[in-house]
Amino acid sequence: MKKKVIAIVIVIAAVCIGAVYLLSTDESLEEQNTYAAKPVMYLYPKEGTEVKVKLDYDGQLTCTYPAYDNGWQVTAQPDGTLVAANGKTYSYLFWEGKSDTDYDMSRGFVVKGTDTADFLQTTLSQLGLEPREYNEFIVYWLPKMQDNLYNLITFQTDAYINSAKLDITPEPDSVLRVFMAYQALEKPIEVEAPELPQVERTGFTVVEWGGTEVR
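Cut-off values and rules
- Residues numbered from 1 in each chain as written.
- Predicted model: local features only at pLDDT ≥ 70, side-chain atom pairs only at ≥ 80, totals over all residues.
- Heavy atoms only, no water.
- Pairing = 2+ DSSP bridges.
- Helix = DSSP H or I, 4+ residues; strand = E, 2+ residues; numbered from the N terminus.
- Salt bridge = Lys/Arg side-chain N within 4 Å of Asp/Glu carboxyl O.
- Buried < 20%, exposed > 50% of the residue type's maximum accessible area, 1.4 Å probe, protein only.
- Phe/Tyr/Trp six-rings, centres within 6.5 Å; stacked < 30°, edge-to-face > 60°.
- Lys NZ or Arg CZ within 6 Å of the ring centre and 35° of its normal.
- Axes fitted to C-alpha atoms, helices over the stretch in contact; angles between N-to-C directions.
- Left-handed = near helix turned anticlockwise from the far one by under 90°.
- Contact = heavy atoms within 4.5 Å.

## So, the sheet that holds strand E6 (residues 82-84)
Pairing between the strands of a sheet is mediated by backbone hydrogen bonds and can be parallel or antiparallel. The antiparallel open sheet is built from five strands, whose spatial order is E7-E6-E5-E3-E11. The open sheet terminates on both sides in strands that have one partner only, identified here as strand E7 (89-90) and strand E11 (164-169). Two strands pair when backbone bridges link them, and strand E3 (residues 49-57) and E11 are joined in this way by six bridges, in the antiparallel orientation. Residue pairing for E11: lysine 54 is matched across the bridge by aspartate 167.

Following this line, the structure appears as structure tokens:
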């Protein structure tokens, strides 16, 4: 089956541990260091499959679950259930880290804080996330976004996938990576809206979502 790799990065600036986080009072470091917060990875093979996942991250991992020991190795089921070698069961692979990845906020969407939930549900569905995935996404991020007057939401594929490369065995047929960060705004600004890609999930599919704050 022809491999289809779909990498989508949503960048949104938020106020909290999950978004871009200031790591130092030094202004130059504040501009450079960011947290990649709660990227979670779902594995959906067509049948029960032993899967190895390695992450080549251009930064420092700060938390992983299950523990990242030079990679993850699990038995994945079609419904996304993951069983590690120790027999423990997981819903997804989780990681977060800090890096100096530079994000371009010049294109995106300006959304009222009170409209955040509706916007995320509609947009994440269009990007290819299924209800279980976008509901978990929204539950995590909505409390950090809904009380802002406005949020600037941008999409940046290359910046994320270049800083967090994946090596998965066996090779998946489809890879969907949705990385969200948001920027809180006091008032709306004019930005060009990007075209949202149409996603097709086929065969062994890997789905990842996460986020970072850009200030």
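## A short note on the pattern of salt bridges
Under the defined criterion, the tally for this structure stands at five salt bridges. Note that glutamate 192 is salt-bridged to arginine 107, the shortest N-O span being 4.0 Å. With a gap of 85 residues between them, glutamate 192 in the loop between strand E13 (183-185) and strand E14 (205-211) and arginine 107 in the loop between strand E8 (93-99) and strand E9 (109-112) connect regions that are remote in the sequence. Overall, arginine 107 belongs to the partly exposed group, its relative accessible area being 38%. Taken together, the salt bridges that share partners define one network made up of Glu130, Glu133 and Arg201.

## Regarding the packing of aromatic side chains
Applying the stated criterion across every chain, the model contains eleven aromatic pairs. Geometrically, the ring pair formed by tyrosine 160 and phenylalanine 179 is stacked, given 4.0 Å between the ring centres and 10° between the ring planes. Taken together, the residues tyrosine 160 in helix H4 (residues 157-163) and phenylalanine 179 in strand E12 (residues 174-180) connect sequence positions 19 residues apart. Here the basic side chain of lysine 144 rests over the ring of tyrosine 140, its NZ or CZ set 4.8 Å away from the ring centre.

## A few points about the packing of helix H2 (residues 116-127) against helix H3 (residues 131-145)
The interhelical angle for the contact between H2 and H3, taken along N-to-C directions, is 150°, at an axis separation of 10 Å. With respect to the hand of their crossing, H2 and H3 are arranged in right-handed fashion. The segment H2 lies against H3, with Thr116, Ala117, Leu120, Gln121, Leu124 and Ser125 engaging Tyr134, Phe137, Ile138, Leu142 and Met145.

## Things to note about unusual backbone geometry
Glycine aside, negative phi is the norm for most residues, and most peptide bonds take the trans geometry. The linkage connecting tyrosine 65 with the following residue, proline 66, adopts the cis geometry, with an omega of -5°. If you trace the backbone, proline 66 turns up in the loop between strand E4 (60-65) and strand E5 (72-76). In this model, threonine 169 is joined to proline 170 through a cis peptide bond whose omega is 0°. Following the sequence through the fold, proline 170 ends up in the loop between E11 and E12. Positive phi values are uncommon outside glycine, yet asparagine 70 reaches one of about 55°. Of note, asparagine 70 is situated in the loop between E4 and E5.

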